[in-house]
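Results of the structural survey
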Amino acid sequence: HIRYPLVDDPHTALTVATTRPETMLGDTAVAVHPDDPRYRHLIGRKVRLPLTSREIPIVGDSILVDLEFGTGAVKVTPAHDFNDFDAGERHKLPRLSILDYEALLDLKGMNAAAVEESVIRDVVQLPVTKARPKIELLLRDSGFLVKIEDHKMAIGKCYRCKTVVEPYLSPQWFVKIKPLAEPAIQAVEDGRIRIIPEGWTNNYLGWMRDIKDWCISRQIWWGHQIPAWYCRPCNTEIFIVKGASGRQHEHLYISPNAIPIVCRSKPEKCSKCGSTDLVRDPDVLDTWFSSALWPFSTLGWPEQTPELKTYYPTSTLVTGLDILFFWVARMIMMGLKFMGDVPFRDVYIHALVRDAEGQKMSKSKGNVIDPLHVMEQFGTDALRFTLASMASPGRDIKLAEERIEGYRNFANKIWNAARFAHMYLADKHDSQPPDDRSFPGLWIRSRLNDTIRIVTMELEAYRFDRATSALYQFFWHEYCDWYLELIKPVLQNPLHPQGPATRRTLQDTLEVFLRLLHPFMPFISEEIWQTLPHKGETIVTQPYPLTQTDWHDSSAEETFRLFEQSIGLFRTARVLLSYPPGKEVRVFVVHEEPAANETLGRLELDLAHLGRGRISPIPLSQWPTSNVLRLFTGGVTVGVAVEGDVDLKKALDRLVKQTEETDKESQRLDGKLNNADFVSKAPPEVITDHQDRLRALSRDRAMLTSSEQQLRAMLGA
RNA sequence: GGGCGGAUAGCUCAGUUGGCAGAGCGCCACCUUUACACGGUGGAUGUCGCAGGUUCGAUCCCUGUUCCGCCUACCA
């Protein structure tokens, strides 16, 4: 806290607080809040700035000054603080730079700021951290220091060397941004550019509407050098500054008043004085300025090349949210300005892969997961598939190893399925194989067709996560779990009449699946595809699968649902009876609806194969009443013969539990249907749906009861 | 400080005209059956962050709140 005494009343003083006392040498005003009863009468009067011979005004500023904070009086240093700079603009204050470009206390600057000779001698050429205690001491000795307090605050540092940033005035190049931003806002508002997911659109628009003029000059080595030259004779204030003692580099000082010559290449001479002594501005362009030109500068612009005509604008830009503003917005502005058209139609904002703690990966932070390492461990296809599967919109990815491992297993599954197919395809050359009209063939083509539909749709919607899940579900849980199992009896019998047709379907569906998978797992799909009969050199150039209406077969899909239910019950029964997997037993199956029952009859061989049993095709009424475990679900009843010394307790527990669940659900539905409000206000289709479910449940209940009674009888016997 | 997003099974995450809560991994039991144990079959598992509100009915819509994350600005 420092006292700034009033000029016309030295016994009265304003006390300002600062965390950077050394910058007081460059103060050009003290600000108070215009509504502050403590100080508002002082606005317009002057204080004497300690350690200098200057007098500075007291100004009223409601933006800079927070009534509640500090002492209520703020020192204003326009040359070394962003907020103070703005306040200086508002009050037309001079800007006194007392630091040089290396943030050392500057002799010239302090002289211009009328700093006392003795003070200058103490602090000249010192870095801020060393000057600060000296200033404190000087203030204390001269009685201006009120007190020192600890103060916690956030402070800007260099991202690389962590040095505290000292704001400093210097001439820089700026782009006047509003005329560029407005067309870029328009392009998104009227839909010429679509941002996906849509939620980020408001972020973009908000940022663009509030955009500030763009400082495009950088004092770094790499980059496009700014195309501006200065004539030395016309600009005498341009000179080389030697680095401070112990420092190697030199610094070209260009005064704010210097007049640049901007042209594409170095001019021969100054147009004013004819001198050839020209020096180029050493600054380079902001990386993002150069990058903003990328959509057309990479295609030969400003020449009207065929590439430029073909690829500008492009369809989709894929990028991370972190550079939506830095890069995307600026490409849009530059594209509209120089090409007169948007650079791309869709901007897909993908998720950011974060580390285990959810931190953004960054080279300078050093928390980067090396993809090469992950690829070595799990495979490139697995990593790629994982990233696609986790690309849900609006959510970042915390890379989880288990997921990658799971998809490594998926790749392995595909590999083994292909090996299986080759066992039966390798030396078979079926000429003109007949169309496959079998249940497994019709069903799997229908499912593949639906998978093509879903994957295509999700790709168009940029829902890579849903696309991968459809591929995974289809291949593992339909193609491998059911289709390959179903066709084994046909394949394993070399003389089977269905052989050629089945092999054709096997080969066709695998080939189509590989093309569908290819964008997600490029390597394994290519590798396997090459081993199948194929046209063309590589899968990369093959057409992406299209849905085929003649593959769609809702009847086969309905049949499959019955089949799956029945097999599920067979398997459950076997586990309940603790039968070993290989044991062949007598099984029964029946459906309460005649049509479905007939369908099951046609599936007898398939049921026997996957159920590992001998099917007894007899109606329910003729089933044995003892030594059969009966299970039931959704219209299907299956029976499995009870043989040998088995514990029926597990089976009974299951039936009891299923009965309880059925009752609970029935009560819930019944309760809703007896609620007058529900019946009068819910939509009719919901009510009929509830009624249907309740009816089905009560049928289930009857079957369960009879099955349970039989089982209890068997237990009692 | 401002803005945005998240919170759902042990873990990582899906889940929209509001109407039966899901996947993968993990877990439990059984299985070396001729593509695959990086596998097969069966199974268990949820106050959908918390509190209100709207509704016949809320994981879903509204309000408030807690915790976590991100972006952005930064207080003399």
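Residues numbered from 1 in each chain as written. Chains lettered and ligands numbered in written order. Predicted model: local features only at pLDDT ≥ 70, side-chain atom pairs only at ≥ 80, totals over all residues. Heavy atoms only, no water.

1. Points about the pairing of strand 11 (residues 228-231)
Neither face of strand 11 is exposed, since A228 and Y230 on one face and W229 and C231 on the opposite face are all buried. In this structure, strand 11 lies alongside strand 14 (residues 260-262), joined through three bridges in antiparallel fashion. By the bridge assignment, Y230 is partnered in strand 14 with P260. Pairing of strand 11 with strand 15 (residues 278-280), which is carried by three bridges, proceeds in the antiparallel orientation. Looking across to strand 15, one finds that C231 is bridged to L278. (Buried < 20%, exposed > 50% of the residue type's maximum accessible area, 1.4 Å probe, protein only. Helix = DSSP H or I, 4+ residues; strand = E, 2+ residues; numbered from the N terminus. Pairing = 2+ DSSP bridges.)

2. Focus: the packing of aromatic side chains
Using the criterion set out here, one finds 30 aromatic pairs in the structure. With a centroid separation of 5.9 Å and 45° between ring planes, the pair formed by F474 and Y479 is classed as tilted. Its relative accessible area of 1% is what places F474 among the buried residues. Residue Y479 is classed as buried on the basis of its relative accessible area, which comes to 2%. Members of the aromatic cluster, joined through ring pairs, are F385, Y407, F410, Y472, F474, F475, W476, Y479, Y483, F513 and F520. Its end group placed over the ring of W214, R330 keeps NZ or CZ at 4.1 Å from the ring centre. The residue whose ring lies beneath K583 is Y579, and the NZ or CZ to ring-centre distance is 5.1 Å. (Phe/Tyr/Trp six-rings, centres within 6.5 Å; stacked < 30°, edge-to-face > 60°. Lys NZ or Arg CZ within 6 Å of the ring centre and 35° of its normal.)

3. Here's the deal with the protein's contact with RNA strand B
Around RNA strand B sit 67 residues in total, of which F69, H151, R395, W476 and K681 are the nearest. A share of 61% of the atoms of RNA strand B within 4 Å of the protein falls on sugar and phosphate groups. Side-chain polar atom of R408 to a base oxygen of RNA strand B: 3.2 Å apart, as the coordinates give it. E485 is positioned such that a nitrogen or oxygen atom in its side chain is 3.3 Å from a base nitrogen of RNA strand B. Of all the secondary structure elements, the ones that give two or more residues to the surface near RNA strand B are helix 13 (401-425), helix 15 (464-492), helix 18 (554-576), helix 21 (649-673), helix 22 (676-681) and helix 23 (684-716). Looking at the surface near RNA strand B, the element that brings in the most residues is helix 13, giving twelve residues. Tallied by class, residues from the surface near RNA strand B come to 24 nonpolar, 18 polar and 25 charged. (Near = heavy atom within 4 Å. Polar contact = N/O pair within 3.5 Å; in protein donor to acceptor, adjacent residues only side chain to side chain. Nonpolar A, V, L, I, M, F, W, Y, C, P; charged D, E, K, R; others polar.)

4. Quick word on a nonpolar patch on the surface
Nonpolar side chains collect at one region of the surface, where M153, I155 and V164 lie side by side and expose about 240 Å² of accessible area between them. You can see V164 is positioned in the loop between helix 4 (128-141) and strand 7 (174-175). (Patch = residues over 30% accessible without salt bridge, like charges linked within 9 Å, V, L, I, M, F, W, Y side chains within 5 Å. Areas by Shrake-Rupley, 256 points an atom, 1.4 Å probe, with all protein chains shown as cover. Salt bridge = Lys/Arg side-chain N within 4 Å of Asp/Glu carboxyl O.)

5. Digging into the confidence of the model for chain A
Averaged over every residue, the pLDDT of chain A is 88; the share at 70 or more is 95%. The secondary structure element of chain A with the lowest average pLDDT is strand 12 (residues 239-242), at 68, and the one with the highest is helix 17 (residues 522-531), at 96. The complex prediction reports pTM at 0.82, with the ipTM value standing at 0.92. (pLDDT = per-residue confidence, 0-100.)

6. Quick notes on unusual backbone geometry
In this model, I196 is joined to P197 through a cis peptide bond whose omega is 0°. Along the chain, P197 falls in the loop between strand 8 (194-196) and helix 6 (200-209). The residue Q125 is not glycine, and still its phi comes out positive at about 65°. Mapped onto the elements, Q125 comes out in the loop between helix 3 (117-123) and helix 4. Notably, R612 is not glycine yet its phi reads approximately 50°, a positive angle. Summarising the element assignment, R612 is placed in the loop between helix 20 (604-611) and strand 22 (613-615).

7. Digging into the environment of T633
Among the structural elements, T633 can be located in strand 23 (residues 628-633). Spatially, the C-alpha atoms of T633 and S97 are 85 Å apart, while their sequence positions differ by 536 residues. Once residues within four sequence positions are removed from consideration, T633 is found in contact with Q565 and L569. (Contact = heavy atoms within 4.5 Å.)

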